[in-house]
Amino acid sequence: MTFPGLAARGQQSNPAPAAPPVRAQPLNPAPGGETEASGPEKEELLAYADLLYSHEQFALAARQYQLFLKAHPQSPNLQEGWFRLGECYNKVGQATDAETTFKYVVSNWKSGPYVGSAAFRIAVIRYNAKDFEAAASFFDTAVKNLASEEAKLQAMFYKATCLQLLDKPKEAVAAYDAVAAAKTKDNPFSERCLLETARLQYDLGDAAEAFKRFENLIQSASKPEVKAEALARAGLLAAELGETDKSNPFFEDLLKMEGESPWKAFAGVGLIFNLFTKGEYDKVIATYNRGVFDAPADTRPKMLLVVGHAYRLTGELQAAIELYELVESNYRDRPEGAEAGYRKLQCLYEQNDGGVSIYADRFIEVQQQTDPDSAFVDQAFLIKAEWHFAKAQAGEPGEETTEHYRQAAFAYSSVRADKVEAKYREPQLYKLGWSRIEAGDPNGGVTTLNDFLDQFPDSPLVPSALAKRASTYQILQDFDGALGDFREIAGKHPDAPELEFALQQIALLHGQRRETGEMVEAFRTLLEKFPDTQSAPEAHYWIGVGLMESEKHAEAIPELEIARKTAPNTYLAKASLRIVLAQYQLENLDALTTELEIYLDGKAAADAAQKAAEKAAAAAAQNGSDPPAARRPMDYPAVPPQVLIYAGQRQFDQRDYAHAERLLTAASTPQNPADTTAEVWDVLGQSRMALKEYKTAIEAFDHYLSLTERPSSRGKALLAQGQAWLALGEHDRAREKARECLMSIKEGRTNAEARVLLGDVAVAEGDFAGAAREYLVVSQIFVDPEVTPLALRKAAEAFRKAGDAEKAAELEKQLKTQFPQARPSEPATGQ
């Protein structure tokens, strides 16, 4: 991490300060003193000028030096005179004249005791004028010509400073190192040289060397302010080098130093950054809350941002939001302000705040105005998209959920791929495709998923993307494409969570394509791999259906029974009907009848529930209230009539009239009698007669008669209706039906039974004589092993009740003689 206050490479974090006026001067020969080049005696004008100079009367001294130089152009003291003249100009503020004079000395003599001093004076003037290039050159001349080691050292130091100010860091380091290496006692520049070279080494990109020098300076520094800077910078550099364990002690030592120092602020900030880098977020917060330092202005927004991050990463989202708001509101035009705004949005997202989308739009609008190329714009779009996508995934199907998907699709599509980390591109493209499909753009969604699968073939999201694309292909009626995707999941992703769904859909698609064998096999594979699958009832049902279509009815029944048992709310009706059809094909009458009973009971209950719901809804509508909530009754399709007729007739043949009646009633169509065959109405009527359900028997025979023209058939039905009416006590109607029967059939057994019926009606009315006549006619003119003895017995009983015992005895004798096996109590047919 590069810390604020310590610049990145290539930047001037702590530029060498603006060149301060150079005040220290090299030692020079005193006016009037002897030098190697001064000669044995000085001229009087020069001596007088030196006297004035020593009394700081520089203007008068300058005049005298001018007179001397004019009067003695060949004097051996000429170099001194010119130098002193320049000094006088310098003292009275005539810098230009002074510089010109000193340059004359340097250029005219090249060497000598005053050349070094003159060069130094020129260098100082150029330095103070910020002409560091010229200053460096003249300091170099001074170094070469000054006799005093102390003065040379001073010139060397300022030459190094000029090189630093000229942004020549390598040359400056070498120059400073030369000063520091000078073998002089109590080098006054060594500490400053070590400080400057440490700074320069960092600027040169050699953080390790810079750290080493600051670390040495900590041990050698005599000035508290230098030691404070060394501690701060060593700590910051150690942190940058990844050695936070070394860094923290430097910061802590600095914070313990007595007195105030601006570097303490850097130490506090550095300590916070170090702790954050190490992931010690609680200590970051604790250090910040101690408040023992004021962060430098240029580092404060970064520090507040880091503390906000610490709060966020420890789950204290509200505290993080408050700090992010502080940074955003005060530093919105800085990168830290932009990041703070984004991080606040991130916290709101983590809090599942209902205003995430609104705040994201607001942040995006502002950021696009201030820095449209900022990656935070795209990250905000990504958060908005994720928020809407999560809401849609959690919602119930409906317009609100669809709108969330629309917003998610727009936000995902607004993210620029090159502005977010590569790891986000993968889920972004996947969810964009998903959102477009759910938002009503299946073609666009499929195109996006195609891009996703092309770009990220090894993504763990591939099975899910394939499943979603396959499902969308089904919506688009591209069943081949759907089957291909589901097969790819099954073949290449056997451990994917989507495998179960894929196997189920493969089976259903085969079924839709009428590929029965493949469907059955696919469902069996599903059950083998996922025995506890929630789709098991569905699988068993369709396996049963497939087996039936393959004429394997016996194998189909157990599969259908499992479906019905494990998911009755879904498969009770459908599976039961299939089982009925299978038993019908197998001609298992008892099992067929049982299954039909189950099915008809369920259908009756569903019909009753439907009627009750309709009645409740009607009542609610009449009252102006909401209808009561009710589950929709299960739909029971009609059993094919031929199945019911087959079973009903078989049961009738076996004299199981109750089952026969129920099954044939279910097969009949009383609202449209012509839609049911006459034979069914006949057998249904007979079954009801056997069950003594006379009224409904009469109705069945009415429908039969409406469909039958043959006299013999009509006669039997009329006879049965007459018998039913007699049983119901409707004597006139019974007599009427008996006479209609006689008119339809002139002879034969049915005719005889109709006459017996007329006798029965007469008995019921108490007309025993009339009844005896009807019975006697039958017994005398019709010979039948069942009807004739019945007529004889009834005639004998009628005569006896009519008071003609003799005739009764005669008929009883005839009955015994002609029909010895007849039982006196044998019931009449139909009664």
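Just so we're clear, the structure is a prediction, and the values are computed from it rather than from any experiment.

Engineer: How should the overall build of the chain be read in this particular structure?
Structural biologist: Assigned secondary structure in the chain consists of 40 helices and 0 strands. For 831 residues, the compact-globule estimate of 2.2 N^0.38 gives 28 Å, and the C-alpha radius of gyration of the chain, at 59 Å, exceeds that figure by more than 25%. Taking the principal axes of its C-alpha atoms as reference, the chain extends roughly 205 × 55 × 40 Å. Residues counted as buried form 49% of the 831 residues belonging to the chain. Contacts in the chain between residues at least 24 apart in sequence constitute 53% of all its contacts with a sequence separation of at least 6. Across the chain, the mean location of the 92 positive side-chain charges is 1 Å away from that of the 121 negative side-chain charges.

Engineer: What am I meant to see in the side chain of Gln504 here?
Structural biologist: The topology assignment puts Gln504 in helix α25 (residues 499-512). In this structure Gln504 comes out as buried when scored by relative accessible area, which is 12%. Of note is the side chain of Gln504, whose polar atom sits 3.2 Å from the side chain of Ser535. When sequence neighbours within four positions are dropped, the list of residues in contact with Gln504 reads Phe523, Leu526, Ser535 and Glu538.

Engineer: Explain the pattern of salt bridges here, please?
Structural biologist: It is possible for side chains of opposite charge to pair when their charged atoms get near one another. For the coordinates displayed, the defined rule picks out 46 salt bridges. Residue Glu229 pairs with Arg199 through a salt bridge whose shortest N-O separation is 2.7 Å. Taken together, the positions of Glu229 in helix α11 (residues 224-240) and Arg199 in helix α9 (residues 190-203) put the pair 30 residues apart, joining distant regions of the chain. The class of Arg199 is buried, set by a relative accessible area of 13%. Lys468 serves as the salt-bridge partner of Glu438, at 2.3 Å between the closest nitrogen and oxygen. Taken as a pair, Glu438 in helix α21 (residues 422-438) and Lys468 in helix α23 (residues 462-475) lie far apart in primary sequence, 30 residues in all. A residue is classified by how much of its surface remains accessible, and Lys468, at 11% relative accessible area, is buried. In the salt-bridge network here, residues are joined through shared partners; they are Arg192, Glu196, Arg199, Glu229 and Arg233.

Engineer: Quick question: what am I supposed to make of α9 here?
Structural biologist: Between its first and last C-alpha atoms α9 spans 20 Å; for 14 residues at 1.5 Å apiece the expected length is 20 Å, and the two agree. Within α9, 12 of the 14 residues are buried, leaving the element largely enclosed by the surrounding structure. Regarding α9, the residues found buried are Glu191, Cys193, Leu194, Leu195, Glu196, Thr197, Ala198, Arg199, Leu200, Gln201, Tyr202 and Asp203. Elements in contact with the buried residues of α9: α7 (149-165), α8 (169-181), α10 (207-220) and α11. Positive backbone phi, approximately 95°, marks Gly205, located one or two places after α9.

Engineer: Please clarify how the environment of Ala181 should be interpreted in this entry.
Structural biologist: With respect to the helices, strands and loops of the structure, Ala181 is situated in helix α8. Look at Ala181 and you get exposed, because its relative accessible area is 56%. As for Ala181 and Ser576, which are separated by 395 residues in sequence, their C-alpha atoms are 105 Å apart.

Engineer: What is the right way to read the packing of aromatic side chains from this model?
Structural biologist: For any pair of aromatic rings, the description consists of the separation of the ring centres together with the inter-plane angle of the planes. Considering all chains together, one arrives at 28 aromatic pairs under this definition. Taken together, a centroid distance of 5.4 Å and an interplanar angle of 75° make the contact between Phe157 and Tyr158 edge-to-face. Pair check on accessibility: Phe157 and Tyr158 agree, each one buried. Ring geometry for Tyr430 versus Trp434: centroids 6.0 Å apart, planes at 55°, classification tilted. Linking Tyr430 with Trp434, this pair stays in helix α21, spanning 4 residues, or about one helical turn. Here the two residues Tyr430 and Trp434 agree in accessibility, since each one is buried. An aromatic cluster is present here, built from Phe120, Tyr127, Phe132, Phe139, Phe157, Tyr158, Tyr176 and Phe189 joined pairwise through their rings. When the ring centre of Trp725 is taken as origin, the NZ or CZ atom of Arg733, which lies over that ring, is 4.5 Å away.

Engineer: Where do I start with the packing of α21 against α23 in this structure?
Structural biologist: Two elements in contact, α21 and α23, have axes separated by 11 Å at closest approach and are oriented at 20°. Taken as axis vectors, α21 and α23 run roughly parallel relative to one another. Note that α21 runs across α23; the crossing there is left-handed. From α21, Tyr430, Trp434, Ile437 and Glu438 reach across to α23, where they touch Ser464, Ala465, Lys468 and Thr472. The residue makeup of the contact of α21 with α23, split by class, is 4 nonpolar, 2 polar and 2 charged.

Engineer: Can you walk me through the nonpolar core in this structure?
Structural biologist: Soluble globular proteins tend to bury their nonpolar side chains together. Counting residues in hydrophobic clusters, the biggest one holds 126 residues, and the most contacted among them are Phe214, Leu217, Leu254, Phe452 and Phe486. With 10 residues, the top contributor of residues to this core is helix α19 (residues 375-394). Sequence-distant contacts of Leu254, that is, excluding residues within four places in its chain, are made with Ala228, Leu231, Ala232, Trp263, Lys264 and Ala267. Grouped together as the second largest cluster of nonpolar side chains are 53 residues, Cys88, Phe120, Phe138 and Phe139 included.

Engineer: Would you mind going over the side chain of Glu87 with me for this structure?
Structural biologist: Looking at the element boundaries, Glu87 is found in helix α3 (residues 78-91). Judged by relative accessible area, Glu87 falls into the buried class, the value being 5%. Only 3.5 Å separates the side chain of Glu87 from the side chain of Tyr53, close enough to count as a polar contact. For Glu87, the contacting residues outside a window of four places in its chain are Tyr53, Phe102 and Arg121.

Engineer: Help me understand the packing of helix α33 (residues 678-690) against helix α34 (residues 694-706) in this model?
Structural biologist: Orientation of α33 relative to α34, taken along the N-to-C sense of each, is 160°, at an axis distance of 8 Å. Judged by the angle between their axes, α33 and α34 are roughly antiparallel. Note on packing geometry: the crossing formed by α33 with α34 is left-handed. Of α34, the residues touching α33 (which contributes Ala678, Trp681, Asp682, Leu684, Gly685, Gln686, Arg688 and Met689) are Tyr694, Thr696, Ala697, Ala700, Phe701, His703 and Tyr704.

Engineer: Which parts of the structure should I look at to understand the environment of Arg343?
Structural biologist: By the secondary structure assignment, Arg343 is in helix α17 (residues 335-350). Sequence separation of Arg343 and His309 is 34 residues, and the distance between their C-alpha atoms is 8.1 Å. The contact partners of Arg343, leaving out residues within four places of it in the chain, are His309, Arg312 and Tyr324.

Engineer: Is there a simple way to explain α10 in this structure?
Structural biologist: Given 3.6 residues per turn, any residue in an α-helix points the same way as the ones three and four places further on. With 14 residues, α10 should reach 20 Å at 1.5 Å per residue; the first-to-last C-alpha distance of 20 Å fits that figure. Where α10 is concerned, the buried positions are Ala207, Ala210, Phe211, Arg213, Phe214, Leu217 and Ile218. Axial view of α10: buried residues confined to an arc of 165°, hence all on one face. Where α10 is buried, its residues contact α8, α9, α11 and α12 (244-256).

Cut-offs used in this document
Residues numbered from 1 in each chain as written. Predicted model: local features only at pLDDT ≥ 70, side-chain atom pairs only at ≥ 80, totals over all residues. Heavy atoms only, no water. Helix = DSSP H or I, 4+ residues; strand = E, 2+ residues; numbered from the N terminus. Rg over C-alpha atoms; globule rule 2.2 N^0.38 Å. Buried < 20%, exposed > 50% of the residue type's maximum accessible area, 1.4 Å probe, protein only. Contact = heavy atoms within 4.5 Å. Lys, Arg positive; Asp, Glu negative; His and termini not counted. Charge placed at Lys NZ, Arg CZ, Asp CG, Glu CD. Polar contact = N/O pair within 3.5 Å; in protein donor to acceptor, adjacent residues only side chain to side chain. Salt bridge = Lys/Arg side-chain N within 4 Å of Asp/Glu carboxyl O. Expected span 1.5 Å × (residues − 1). Phe/Tyr/Trp six-rings, centres within 6.5 Å; stacked < 30°, edge-to-face > 60°. Lys NZ or Arg CZ within 6 Å of the ring centre and 35° of its normal. Axes fitted to C-alpha atoms, helices over the stretch in contact; angles between N-to-C directions. Parallel < 35°, antiparallel > 145°, perpendicular 65-115°, else oblique. Left-handed = near helix turned anticlockwise from the far one by under 90°. Nonpolar A, V, L, I, M, F, W, Y, C, P; charged D, E, K, R; others polar. Core = buried A, V, L, I, M, F, W, Y, C linked by side-chain atoms within 4.5 Å. Arc of directions from axis to C-beta.

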